[in-house]
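Structural overview
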Amino acid sequence: MRGDAHTDAATLASVARPASPLAEFWRDFRRNSGAVFGLTLILVMVFIAIFADMIAPYDPAEQFRDAFLRPPAWAEGGSSRFLFGTDDVGRDLFSRLIHGARLSMIIGAMVVVIALGAGVALGLVAGFFGGIVDFAIMRLMDVLLTLPSLLLAIVIVAILGPSLPNAMLAVSIVVLPNFARVTRAAVIGELSKDYVTAARAVGASRLRLMFRTVLPNCLGPVIVQASLGFSDAILDAAALGFLGLGAQPPTPEWGTMLADSLQFVERAWWVVTLPGLAIFVTVLAFNLLGDGLRDAIDPKLKT
Amino acid sequence: MIRFILTRIGLLIPTLIGVTLLAFALIRLAPGDAILLTAGERGMDPERYALLRHEMGFDRSLIEQYGIYLGQLALGDLGRSAYSHQPVLTEFLTLFPATIELTMAAMLFAVVLGLPAGMLAATRRGSVFDRATMAVSVAGYSMPIFWWGLLLILAFSVSLGWTPVSGRLSLTYFVEPVSGFMLIDTLISGEKGAFLSALRHLILPAVALGTVPLAVVARMTRSAMLDVLGEDYIRTARAKGLSPLRVIAIHALRNALIPVVTVIGLQVGHLLAGAILTETIFAWPGVGKWLVEAVRRRDYPVLQGGVLLAASVVMLVNLSIDLLYGAINPRIRHAR
């Protein structure tokens, strides 16, 4: 009896109280199986990235002189010693891919933090001040958007010099306009709403209006953009690595690894196929997550 | 309409100025001495250095230098390559047809497959076909082109031997470059088999480059069709007793095409970015490969010109799409 009363009360409470925004979001998000798949993949990637030292059987730079271009364990001639085989100088591919996951997560996170910080700030200022400030900022963004993304990144690296930090900075500048545009559009949409007028009327300072009143309500599209920006970052950084303009060997960055072993592609398919597969799966995971977030947070943005 | 065209062109002017400023700054921000970089010489004696410095105008104020740069641009002078010492514009124009040929073939591949796939998916919303198309589309969108291109080479060139690995034409043929488009040049050359050889060289790079646009076009077509299919005039057309095929192919498609065409136009920037990778993998002698080589050779005049020209191409295409859009849809033309 007591137990039943308890359940009834719980049911009543859940009916009476509207679901919290987070619960509502999770309900919508969970329905999208692709997005859940993407999120799961990302969680696995993050786990691998954090515990790379423990998961990887060998040091990513360690060379085994007795095992050049060994095929993966499941292929003919492979052994359980090297799960994914070895590259042309006898390094364990599995260990390198694991450490590459860590690098890719760092690249994605750094790029999104830089681009989001600067982009949101620019978009906020442009949307808030309007007029000449808005015009100047948005035309600058137009210039960045007019250049084909990879070409802009290449030019920036050509000026700064090829290295992983410079590649990350270049990719940040490439994806930055997306954040600025999305934020500006959201800010302009919010500014005409009653709650903003109310906050103004009671004398909220401009900074308070910008950061406390308006910005939290613009975060939906920014979060979606962050997920898509993450995948762009990993893809573009890998492309720069592939062109020899990003991370330099022997760094176990996936794009660089792929470019490094290009000449062995016909003899040893695994040295090229597996790093590319890692890039593809990671980028796919973030795109799936981004799509799911967009559908759950803001159905209007659905394309 | 004229007013609409003029406003649209006017809107481009600040962007164009921004791009020239960026190109102007590039060579001055590059590591090393701008004069040595521009001349492409090393170990110059001080007299020649001073002479060049004066000739190139580096002894003037930055504003004067920018003015001179704009003046040269107006005359079509984009400087000379520090590597080959050829005019940058000439090199670009020689290589650009190869890139156009590749990107057009890629776009054709994307549209021919993406449009019907998106339409079918929309008319069968929620079906297995719809889900499969959308899954493949996300996958295509996430594809690292440089890896995808290599997989295609491994499968079709190395294993099956169906297509050549690289280049635009096999070495057994020599074709006079008339238009710069290999498919056209081989046709008018009248050499037997040359056209087929050019076509076989084109297929794999076009598929590699066209995969991302294919995914975008399929997705966009599907969502545009879904929007249109919910409109009243579609219900009216159905109520009139028109066949489903007619309703979809004539009434719905025509209106769904407008956003799709816009998206196709917006793909130009992505195509050029993708061409950089595709041309590098397939040794395709186009603008993308040229730019990558310029970075490796530290050939900054080529990079400077390449940036400006690539941006101009993107702006021109976007402008044409904008104008086309305005011509089709009066609501756009009269807004603003």
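In what follows, the accompanying structure is described. The model shown is predicted, which means the values in this text are computed figures rather than measured ones.

Let's shift gears to the overall build of chain A. For chain A, the helix and strand inventory stands at 13 helices and zero strands. Taken from N to C terminus, the helices and strands of chain A fall in the order α-α-α-α-α-α-α-α-α-α-α-α-α. The dimensions of chain A, computed from C-alpha atoms along their principal axes, are 75 × 70 × 30 Å. The 303 residues of chain A split such that 51% are buried. Within chain A, contacts between residues separated by at least 24 positions form 68% of all contacts whose residues are at least 6 apart in sequence. Accessible surface, chain A: about 14100 Å² in total, of which carbon and sulfur atoms supply 65%.

Turning our eyes to something else, we now look at the interface of chain A and chain B. At the junction of the two partners, chain A supplies 37 residues and chain B supplies 42 residues. Here chain A meets chain B over a buried area of about 3500 Å², counting both sides, of which 81% is carbon and sulfur. Looking at the side of chain A facing chain B, the largest losses of area belong to A:Thr146, A:Ile159 and A:Phe280, adding up to 16% of the total buried there. The interface formed by chain A and chain B contains one salt bridge. Note that A:Asp291 is salt-bridged to B:Arg219, the shortest N-O span being 3.1 Å. The interface formed by chain A and chain B includes five residue pairs in polar contact (both at pLDDT 80 or more). For the side of chain A that touches chain B, the secondary-structure elements that each account for two or more residues are α6 (131-146), α7 (149-160), α11 (219-242) and α13 (270-297) of chain A. It is α13(A) that provides the largest number of residues to the side of chain A that touches chain B, a total of 12 residues. Considering only residue class, the side of chain A that touches chain B consists of 26 nonpolar, six polar and five charged.

Another aspect to go through is the side chain of B:Glu101. Residue and element names in this part refer to chain B. Looking at the element boundaries, glutamate 101 is found in helix α5 (residues 88-123). Classification of glutamate 101 by relative accessible area gives buried; the value is 8%. Those residues in contact with glutamate 101 that lie beyond four places of it in its chain are Arg168, Phe181, Met182, Leu183, Leu202 and Trp284.

All right, on to the environment of B:Leu113 then. All names here are of chain B. Position of leucine 113 among the secondary structure elements: in helix α5. Exposure remark for leucine 113: the relative accessible area of 44% places this residue in the partly exposed category. Sequence-wise, leucine 113 and alanine 215 are 102 residues apart; in three dimensions their C-alpha atoms are separated by 9.5 Å.

So, about helix α12 (residues 287-296) of chain B. Each α-helix turn comprises 3.6 residues. Residues three or four places apart therefore point the same way. The buried count for α12(B) comes to seven of 10 residues, which makes it a mostly enclosed element. Every buried residue of α12(B) is accounted for by B:Val287, B:Gly288, B:Trp290, B:Leu291, B:Val292, B:Ala294 and B:Val295.

In this structure, A:Leu150, A:Leu240, A:Leu243, B:Phe146 and B:Leu303 are the most contacted members of the largest nonpolar core, which totals 147 residues. Not counting the four nearest positions on each side in its chain, A:Leu243 is found in contact with A:Leu150, A:Ile154, B:Ile276, B:Leu277, B:Thr280, B:Val292 and B:Arg296. Residues B:Ala206, B:Ala224, B:Met225 and B:Val247 belong to the second largest nonpolar core, which totals 32 residues.

Quick look at the pattern of salt bridges now. Oppositely charged side chains may form a pair once their charged atoms are brought near each other. Residue and element names in this part refer to chain A. In total, this model carries 17 salt bridges over all chains according to the counting rule given. Here aspartate 53 ties to arginine 102 by a salt bridge, and the two come within 3.5 Å at their closest N and O atoms. Of this pair, aspartate 53 sits in helix α4 (residues 52-55) while arginine 102 sits in helix α5 (residues 93-129); the two residues are 49 residues apart in sequence, bridging distant segments of the chain. On the basis of relative accessibility, which here comes to 24%, the residue arginine 102 falls in the partly exposed class. A salt bridge links lysine 193 to glutamate 190; the shortest N-O distance between them is 3.2 Å.

Now for a nonpolar patch on the surface. All names here are of chain A. Taken together, Val46, Phe47, Ile50, Phe51 and Met54 make up a surface patch of nonpolar side chains, about 500 Å² in accessible area. Of the residues forming the nonpolar patch, the biggest block, three residues, is contributed by helix α3 (residues 33-50). Counting through the fold element by element, methionine 54 comes out in helix α4. The class for methionine 54 is exposed, based on a relative accessible area of 68%.

Our next topic: unusual backbone geometry. Following A:Pro249, the chain continues to A:Pro250 via a peptide bond in cis, the omega torsion being 10 degrees. Its location among the elements puts A:Pro250 in the loop between α11 and α12 (254-260). Notably, B:Ala283 is not glycine yet its phi reads approximately 50 degrees, a positive angle. Of note, B:Ala283 is situated in the loop between α11 (244-281) and α12. B:Ala283 gets classed as partly exposed once you look at its relative accessible area, which sits at 32%. The phi angle at B:Arg298 is positive, at roughly 55 degrees, despite the residue not being glycine. Mapping B:Arg298 onto the fold places it in the loop between α12 and α13 (300-328).

Turning to the packing of aromatic side chains, a few remarks are in order. Enumeration over the complete set of coordinates arrives at 17 aromatic pairs over all chains. An angle of 45 degrees between the planes, with centres 5.7 Å apart, marks the rings of A:Tyr58 and A:Phe82 as tilted. You can see A:Tyr58 sitting in the loop between α4 and α5 and its partner A:Phe82 sitting in the loop between α4 and α5, a full 24 residues away along the chain. We classify A:Phe82 as buried; its relative accessible area is 1%. Taking 4.7 Å as the distance between ring centres and 20 degrees as the angle between the ring planes, the aromatic pair formed by A:Phe242 and B:Phe146 counts as stacked. Linking A:Phe242 in helix α11 with B:Phe146 in helix α7 (residues 145-159), this pair reaches from one chain into another. Each member of the pair A:Phe242 and B:Phe146 is classed as buried.

About the thresholds
- Residues numbered from 1 in each chain as written.
- Chains lettered and ligands numbered in written order.
- Predicted model: local features only at pLDDT ≥ 70, side-chain atom pairs only at ≥ 80, totals over all residues.
- Heavy atoms only, no water.
- Helix = DSSP H or I, 4+ residues; strand = E, 2+ residues; numbered from the N terminus.
- Buried < 20%, exposed > 50% of the residue type's maximum accessible area, 1.4 Å probe, protein only.
- Contact = heavy atoms within 4.5 Å.
- Areas by Shrake-Rupley, 256 points an atom, 1.4 Å probe, with all protein chains shown as cover.
- Buried area = accessible area lost by both parts, 1.4 Å probe.
- Salt bridge = Lys/Arg side-chain N within 4 Å of Asp/Glu carboxyl O.
- Polar contact = N/O pair within 3.5 Å; in protein donor to acceptor, adjacent residues only side chain to side chain.
- Nonpolar A, V, L, I, M, F, W, Y, C, P; charged D, E, K, R; others polar.
- Core = buried A, V, L, I, M, F, W, Y, C linked by side-chain atoms within 4.5 Å.
- Patch = residues over 30% accessible without salt bridge, like charges linked within 9 Å, V, L, I, M, F, W, Y side chains within 5 Å.
- Phe/Tyr/Trp six-rings, centres within 6.5 Å; stacked < 30°, edge-to-face > 60°.

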